[in-house]
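Coordinates in review
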Amino acid sequence: MTQALDSYGGFTGLKGTRTGWFHLEKLDRRTWFVTPEGNAFFPLSLAHIYTGNSTPTVQKLYGGDQNAWMEDWFAKVRALGFNCALAGATSQCRDPMRYVDIARAEAIFQRESFPYAVGIFLIPHPNELPEGQERPDIFSPVFQDWAKELIAETCATYADDPLVMGYYYGFGTFLSPKSWIASLGRDVTDENMQEHIREMAVSLYRIAHDAIREYDPNHLILGPYVKEQSFSLETWRALAPYVDTLTPQHVNRDYSFTEQALATGRAVLVSDEVTGHLHNAKHPRFRSVKSSAGKARIYESVLERHLRDPDVCGVNFCATLYDLDDGPLMVRMGMMEGLYHANGTPKSGLVDVVTRANQGVYERAAAPFDTEDLEELDARHFHTWDEAHGRA
């Protein structure tokens, strides 16, 4: 299959409806993103292209020149085979000091016809919060008025832009929710936690959905990128009317994308897929993958798994381009998230494998597996995961 692509990166060999906007459409056996020109598109994204935690690297390698940094990193992201930015120019949890020049990054996306999602950051990631501070009371009229104003301002900027894929609300919204629920004066236990989460999530999703649709009738609503264990099937079902796709962060042995899709009638956008974490020598962790080559094997395996799953409509990989010199994941955990070392050299056996794996996406995505074959692929993937972590 020849991958002839339209100006947005869509595959011209598989046609959907030409609407002038990115939208979702069932074509053959799977739900696809469809470009404004009416061609099937499988989003393949690096979650954290630019981050404020890269500030020391920008100083050391680019003399503090943001333009040189952004141009070089974008060229590398494109060369790796990524075709969009599902977390936009940056996310609130990766740029707490507002270092990244979002307008400059989006100008590059526009020049290069690189589709991207826009962040409407309604709830901070727990990692962002100062010690002792909790997430806001989403039932408060003050919060709801603020959220509506933020959405109105954001939509005023992006509603007419066909390169925008849709709106997302940030990462990790319902991560470690117990203290958040308790701060609202609720009596929370392990038994009733999901009931509280459902009430909070429905309120948040409904407020955001209604406000976005008031100002922007066309772009997709992606919602927050949440840990896959955050929501039960019942909760996903209650949230489905307020989003265009489900956005669990990664595949998991215990949570089925097929069940989620069947329960809601929504496809799954895998919003922050992991390929194992490397930690520096100061922070040894049992869960560490053993090498960059191990990360590469997981990347190949999980990408193949998602391309063959008819309920998956795209994937955003949880990684940075270079290892970070700063930020909570490096400072607290020594996590080395990059495809490149902090000095700019490619990690051995990783960059080349990712680049190769990202080729031929449409041949594989257009030929999804049936249930039995997908179950076998899942078993192989989790075996690869265990091997790379030294557990097999």
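Quick caveat, the model's predicted, so the values are computed rather than measured. Once a new chain begins, its residue numbering starts again from 1 and follows that chain's sequence as written. This being a predicted model, a pLDDT of at least 70 is required before a residue's local features are given, and a value of 80 or more before pairs of side-chain atoms are given or counted; all residues contribute to the totals for chains, interfaces and linings. Side-chain figures throughout are based on the complete set of non-hydrogen atoms in the structure, without hydrogens or water.

**Some thoughts on the packing of aromatic side chains**
- Each Phe, Tyr or Trp ring (for Trp, its six-membered ring) is paired with any other whose centre lies within 6.5 Å, and the angle between the two planes then decides the class: stacked below 30 degrees, edge-to-face above 60, tilted in between. Under the definition given, this model contains 25 aromatic pairs.
- Residues Phe 11 and Tyr 362 carry aromatic rings whose centres are separated by 5.4 Å and whose planes lie at 15° to one another, so their mutual orientation is stacked. Note that Phe 11 is positioned in strand S1 (residues 11-15) and Tyr 362 in helix H12 (residues 361-365), a separation of 351 residues in sequence. The exposure classification of Phe 11 matches that of Tyr 362, with both residues buried.
- The positively charged end of Arg 30 is found above the aromatic ring belonging to Trp 32, 5.6 Å away from the centroid. Helical segments are the DSSP runs of H or I of at least four residues, strand segments are the runs of E of at least two, and each set is numbered from the N terminus. Remark: exposure states derive from per-residue accessible area (1.4 Å probe, protein chains only) relative to the maximum for the residue type, with buried under 20%, exposed over 50%, and partly exposed in between. Comment: the charge-over-ring label is applied if NZ (Lys) or CZ (Arg) is within 6 Å of the ring centre and within 35 degrees of the ring normal.

**With respect to unusual backbone geometry**
- Phi angles above zero are rare outside glycine, and Asp 28 is one such case at about 60°.
- Following the sequence through the fold, Asp 28 ends up in the loop between strand S2 (23-27) and strand S3 (30-34).

**Focus: the environment of Gly 314**
- Considering the arrangement of structural elements, one finds Gly 314 in strand S11 (residues 312-322).
- Judged by relative accessible area, which is 0%, Gly 314 ranks as buried.
- C-alpha separation for the pair Gly 314 and Val 270, spaced 44 residues apart in sequence, amounts to 6.2 Å.
- Apart from the residues within four sequence positions on either side, Gly 314 is in contact with Phe 42, Pro 43, Val 268, Leu 269 and Val 270. Any two residues having at least one pair of non-hydrogen atoms within 4.5 Å are treated as being in contact.

**Concerning a negative patch on the surface**
- Each patch groups residues whose relative accessible area exceeds 30% and which form no salt bridge, using 9 Å between like charges and 5 Å between nonpolar side chains of Val, Leu, Ile, Met, Phe, Trp and Tyr. Areas reported as accessible are Shrake-Rupley estimates using a 1.4 Å probe. Residue values count occlusion only from the protein chains shown. What counts as a salt bridge is simple: a side-chain nitrogen of Lys or Arg found within 4 Å of a carboxyl oxygen of Asp or Glu. Note on charges: Lys and Arg go in the positive column, Asp and Glu in the negative column, and His and the chain ends are not counted at all. Think of each charge as sitting on NZ of Lys, CZ of Arg, CG of Asp or CD of Glu. A grouping of Asp 370, Glu 372, Asp 373, Glu 375 and Glu 376 is seen on the molecular surface, where their side chains present a negatively charged patch.
- Here Glu 375 lies in helix H13 (residues 371-388).
- By relative accessible area, which is 53% here, Glu 375 ends up exposed.

**A closer look at the environment of Gly 390**
- The residue Gly 390 is located in the segment after H13 in this model.
- For Gly 390, a relative accessible area of 55% corresponds to the exposed category.
- Between the C-alpha atom of Gly 390 and that of Val 289, which follows or precedes it by 101 residues, the distance is 7.6 Å.

**Looking at the pairing of strand S8 (residues 220-225)**
- With six of six residues buried, S8 is to be regarded as a mostly interior element.
- Taken together, the four bridges between strand S7 (residues 164-171) and S8 define a ladder with parallel strand orientation. Looking at S8, one finds that Gly 166 is bridged to Leu 220. A pair of strands is treated as paired once DSSP finds two or more bridges between them.

**Things to note about the pattern of salt bridges**
- All told, the structure shown has 17 salt bridges when counted by the stated rule.
- Measuring nitrogen to oxygen at the nearest pair gives 2.8 Å for the salt bridge that ties Glu 71 to Arg 111. Placement of Glu 71 in helix H2 (residues 66-80) and of Arg 111 in helix H3 (residues 102-111) is noted, with a sequence separation of 40 residues between them.
- For the salt bridge of Glu 300 with Arg 356, the shortest nitrogen-to-oxygen distance reads 3.5 Å. In this pair, Glu 300 sits in helix H9 (residues 292-307) while Arg 356 sits in helix H11 (residues 351-357), placing the two residues 56 residues apart along the sequence.

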